[in-house]
Amino acid sequence: MDDLVIARSLFGTTMAFHIIFATLGVGIPLLILLAELLYQKTKDRDYAVMAKRWTKGLAVLLGVAIPSGTIAGVQLSLLWPGFMEVIGKVMSLPFQIEIYAFFIEALFMSIYVYAADRISPWMRIVSVCFVALGASASAILITNVHAFEGTPAGFRIENGEIVDVDPWAAFFNPSFFVTAGHVVLSAYMTGAFVLASIAAYQLLRARQDERVRRFHQKALKLSLTIGGVFSLLTAINGHESAQLLHEYQPEKLAAAEGLFDTQSHAPLAIGGWTDPKTQSVKWAIEIPWALSFLAGNRFDTVVKGLNDFPKEWWPPLFVHTLFNAMVGIGMFLLVLSIAAWIWQKRRASLDFPRSFLYSFVAAGPLAVIGIECGWIFACTGRQPWVIYRMMKTEDAVTQTENLALLFALFVAIYVLLSIAVVLVLRYYFRRHPVADDLRPSPGEDTLSV
Amino acid sequence: MTNELIAVSVLWGFIFIYAVMATMDFGAGFWSMIYIHRARANATKIANRYLSPTWEVTNVFIVAIVVALFSFFPGAAFLLGTVLLVPGSIILILLAIRSAFLVFAHVAKEYEKALTYISGLTGIIIPALLISVLPITHGTFIEVDAGVPTLDLKRFFTSAHAYSFMGFAISSTLFLSSLLLADYSLEAGDREAYRLYRRNAWITGPISLLMAGGIMLTMRNEAAWLYDNMMEYWPWLAGSVAMFAAAGMALLLPSSKHPGVRGRPRLAVVAIVIQYFLASYAYGKAHLPYMVYPDVTIESAFTHPDTFRALFVSYIVGFLILFPGFVYFWRLFMHDKRYVRPK
């Protein structure tokens, strides 16, 4: 492997690892906030217990999210010094502002966890609001850098020099709102479905006392509702994202859909894989005219095909599969939440049949896979560029060689942390079953970690 | 003051704040490991009580430093990013292990000891690696090979100067954290822990001063330009040593608040922070205009002026927003008797 491939693999692995914890770190605080609010509204202690247990899990996840985020941030400078030189001059604002968001999240997370018993319920809600706000803002700001890579603005490169710098124009680059929105909405969705998975898994376990069952049912209802709402919003926003590609990165959309010839009334290819020899998507289900409609809301929209671009600018063609997986999972989750909602309205009961519960258990991991596919699609679909049409990835990479050992080291550390985090979570929640939390006892409100 | 000077002051300010907070953080982790077997001493509990809410906030500062570096001085980020790939990666890996296991240790009580050992030991190595960035910026370990800058590891690991920095980092970590925890213990009303940490400060303080002397001695041989510049700032260095002496005195005075207790640790902590500030000011000032000697200066590495202006505004707004949060945080965890005193 050459050093560029290793550098990309190393950074890609870091992001793939970090994104799991970061996504949950954005999504779960929203659910904690809602549980706290429901507790204040209904005075049902179950919601307080729910908030407490989710917070405990979140604290453990943050123990990995924070250092892995630190790694990602520093690795940008270590592996892509050429890229960061441009970012430093043009696009450093989001990084800078993200630091403030990060501070807000860290300060109030500590306050919410370690001072919970000393502050008023009102102040607790304010604290958890700030945690959720800080986490979401960090995600929005960091995604903005990613948006800038796809739709750069606010500078020009003339004879290798960066000129005409306008940091705010770079900040509000064309895809900022849609791309950042996509990441945050899908993070809320994923956080909710992961918690729904846990609740559904608990409900599937045999012989439980009624009290514990009701607790998990409430948790399931809350997280499914939120998951459903945000999967709908993610889908709407995803449609806008595709239209944005059509406008700003047409070869990425063409690769996502395996479209080779520019045409109006372009078909949408679902499934299959792209074959560059025959210039078609093999074994795909084609829906005539659908791609044109998705790209421009009209069937006669002309969608550019890959053949309009020089071959060395083509993204890798396997992104079609990633794109399909992301969209497919999103659709499945949306349909699942709607089905669950209808079932529950009809029967006026939360005793979902087992088949339903099994699908809920699958929903969380599927959402995480969807997020991963989306990120890999978004980043490999931009290749060979690190900044679209401005800077190639190969020109940004470090000139230091022998990255293979470092790659191995980082992979080892991610494997170690993954195993450890699963063991610690299992250990803690086995030692502290819900039943113990539900039993009222003096001094129960301490949330100390 | 030029834009470049403002920017480098902000950056150096972050580095100083992080250095102080991180030495306390890593040191507290180390002490909590050392005293974990002595069931009677509350020393571990006190260290953890300080550590639990603060490590996340401390960790943000290291990201803030990196961001300030590449946003204010993208030119330096290129060279440093290339040269620091290996040491930087090792720091990142250790930092990840340290933070994660610190959290794990609090959650998985049964495995607390083993997990605390992992986080305590990795934590004490990190300051030594972090401080290595400073001697690397002195330039003697950077070689440019066919246009590609590389770090001469062999030269680095045989340099007395590099080792004196590392020794200084480790001893300072132990010193500052002992002093802070002494203050924290007294605040918590735990005299046994107080005596323990005060004694540790007595031992590690002079060692760290000795190490600082070692840095100056070796600097004379290995970075003469910096040594000469620093000597221009000798009053600052003298003031720094004086504050060290003042801190020693403060530990000898009888306490005004706690009858029968010897030492005023709060005063000593303040004196020591001033001591480190004076020394780091002299070092930083003498280092200028170079960021990485002799190729990168604050002028040559500086960002685009419009970007600087936008960043500067964001700093002011960010500070105004965050300041109340920090005050609230301080009051809840450093000042609130209900938290500081164990039940």
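In case you missed it, the structure is sitting above this.
Residues numbered from 1 in each chain as written. Chains lettered and ligands numbered in written order. Predicted model: local features only at pLDDT ≥ 70, side-chain atom pairs only at ≥ 80, totals over all residues. Heavy atoms only, no water.

Caption draft 1: Representation of the overall build of chain B. Helix and strand content of chain B: 14 helices and four strands. Relative to the 2.2 N^0.38 estimate, which gives 20 Å for 343 residues, the radius of gyration of chain B is 21 Å and therefore close to what a compact globule would have. If one aligns the C-alpha atoms of chain B with their principal axes, the spans along those axes are about 60 × 40 × 40 Å. In chain B, buried positions account for 60% of the 343 residues. Pairs at least 24 residues apart make up 76% of the contacts formed inside chain B by residues separated by at least 6 positions. For chain B, the centre of its 25 positive side-chain charges and the centre of its 19 negative side-chain charges are spaced 17 Å apart. (Helix = DSSP H or I, 4+ residues; strand = E, 2+ residues; numbered from the N terminus. Rg over C-alpha atoms; globule rule 2.2 N^0.38 Å. Buried < 20%, exposed > 50% of the residue type's maximum accessible area, 1.4 Å probe, protein only. Contact = heavy atoms within 4.5 Å. Lys, Arg positive; Asp, Glu negative; His and termini not counted. Charge placed at Lys NZ, Arg CZ, Asp CG, Glu CD.)

Caption draft 2: Spotlight on the interface of chain B and chain A. The interface of chain B with chain A comprises 64 residues on the first partner and 65 residues on the second. Buried surface at the junction of chain B and chain A, both sides included, amounts to about 5,900 Å², of which 77% is carbon and sulfur. Connecting chain B to chain A are zero salt bridges. The interface formed by chain B and chain A contains eight residue pairs in polar contact (both at pLDDT 80 or more). Only helix 2 (43-72), helix 3 (74-83), helix 4 (85-107), strand 2 (148-151), helix 13 (305-335) and helix 14 (337-340) of chain B provide two or more residues apiece to the side of chain B that touches chain A. Classifying every residue of the side of chain B that touches chain A by side-chain character gives 41 nonpolar, 16 polar and seven charged. (Buried area = accessible area lost by both parts, 1.4 Å probe. Salt bridge = Lys/Arg side-chain N within 4 Å of Asp/Glu carboxyl O. Polar contact = N/O pair within 3.5 Å; in protein donor to acceptor, adjacent residues only side chain to side chain. Nonpolar A, V, L, I, M, F, W, Y, C, P; charged D, E, K, R; others polar.)

Caption draft 3: How the structure looks around the environment of A:F318. One can find A:F318 in the loop between helix 10 (290-296) and helix 11 (319-347). We classify A:F318 as partly exposed; its relative accessible area is 48%.

Caption draft 4: Seen up close, the side chain of B:T218. Residues and elements named next belong to chain B. Locating T218 in the fold gives a position in helix 9 (residues 191-222). On the basis of relative accessible area, T218 is assigned to the buried category, the value being 16%. Of note is the side chain of T218, whose polar atom sits 3.0 Å from the backbone oxygen of I215. In this view, T218 contacts A160, H161 and S164; residues no more than four positions away in its chain are not counted.

Caption draft 5: Inspection of the packing of helix 7 (residues 176-204) of chain A against helix 12 (residues 354-380) of chain A at higher detail. Residues and elements named next belong to chain A. Orientation of helix 7 relative to helix 12, taken along the N-to-C sense of each, is 150°, at an axis distance of 8 Å. Classified by the interaxial angle, the pair formed by helix 7 and helix 12 is roughly antiparallel. Note that helix 7 runs across helix 12; the crossing there is left-handed. The residues of helix 12 that touch helix 7, namely those facing V183, S186, M189, T190, F193, V194, S197, A200, Y201, L203 and L204, are R354, L357, Y358, F360, V361, A363, G364, P365, A367, V368, I371 and W375. (Axes fitted to C-alpha atoms, helices over the stretch in contact; angles between N-to-C directions. Parallel < 35°, antiparallel > 145°, perpendicular 65-115°, else oblique. Left-handed = near helix turned anticlockwise from the far one by under 90°.)

Caption draft 6: Representation of the pattern of salt bridges in the model. All names here are of chain A. This model, assessed by the stated rule, comprises 17 salt bridges over all chains. We note a salt bridge from R53 to D437, for which the minimum N-O separation is 2.8 Å. Of this pair, R53 sits in helix 2 (residues 45-79) while D437 sits in helix 15 (residues 434-438), and the two are 384 residues apart along the sequence. Judged by its relative accessible area of 12%, R53 is buried.

Caption draft 7: Broad picture of the environment of A:V184. Residue and element names in this part refer to chain A. Relative to the helices and strands, V184 resides in helix 7. Considered as a pair, V184 and S138 are 46 residues apart in the sequence and their alpha carbons are 9.8 Å apart. Aside from chain neighbours lying at most four places away, what touches V184 is S136, A139 and I140.

Caption draft 8: Structural detail: helix 9 of chain B. For helix 9 of chain B, with 32 residues, the first-to-last C-alpha span of 45 Å sits near the 46 Å given by 1.5 Å per residue. Taking the backbone nitrogen of B:E192 as reference, a side-chain oxygen 3.2 Å away marks B:D190 as the first, capping residue of helix 9 of chain B. (Expected span 1.5 Å × (residues − 1).)

Caption draft 9: Fine view of the packing of helix 5 (residues 121-150) of chain A against helix 7 of chain A. Residues and elements named next belong to chain A. Relative to each other, helix 5 and helix 7 sit at 135°, their axes nearing to 8 Å. Relative to helix 7, helix 5 is oriented oblique. Note on packing geometry: the crossing formed by helix 5 with helix 7 is right-handed. Taking contact as the criterion, the partners of S136, A139, I140, T143, N144, H146 and A147 in helix 5 are, on helix 7, F176, T179, A180, V183, V184 and Y188. The residue makeup of the contact of helix 5 with helix 7, split by class, is eight nonpolar, five polar and no charged.

Caption draft 10: Broad picture of the nonpolar core. If you look at the biggest cluster of nonpolar residues, it comprises 254 residues, and the most contacted ones within it are A:W54, A:F83, A:L220, A:F360, B:F73 and B:F104. Each residue touching B:F104, except ones within four places of it in the same chain, is listed here: A:V60, A:V64, A:A420, A:V421, A:V424 and B:L115. Within the second largest apolar cluster, 23 residues are counted, among which are A:L245, A:A254, A:L291 and A:F323. (Core = buried A, V, L, I, M, F, W, Y, C linked by side-chain atoms within 4.5 Å.)

Caption draft 11: Seen up close, the pairing of strand 2 of chain B. All names here are of chain B. Where strand 1 (residues 142-145) meets strand 2, four bridges bridge the pair, whose relative direction is antiparallel. From the neighbouring strand, V144 faces strand 2, where its bridge partner is P149. Hairpin connection from strand 1 to strand 2: two residues lie between these consecutive antiparallel strands, with A146 at a positive phi of about 50°. (Pairing = 2+ DSSP bridges.)

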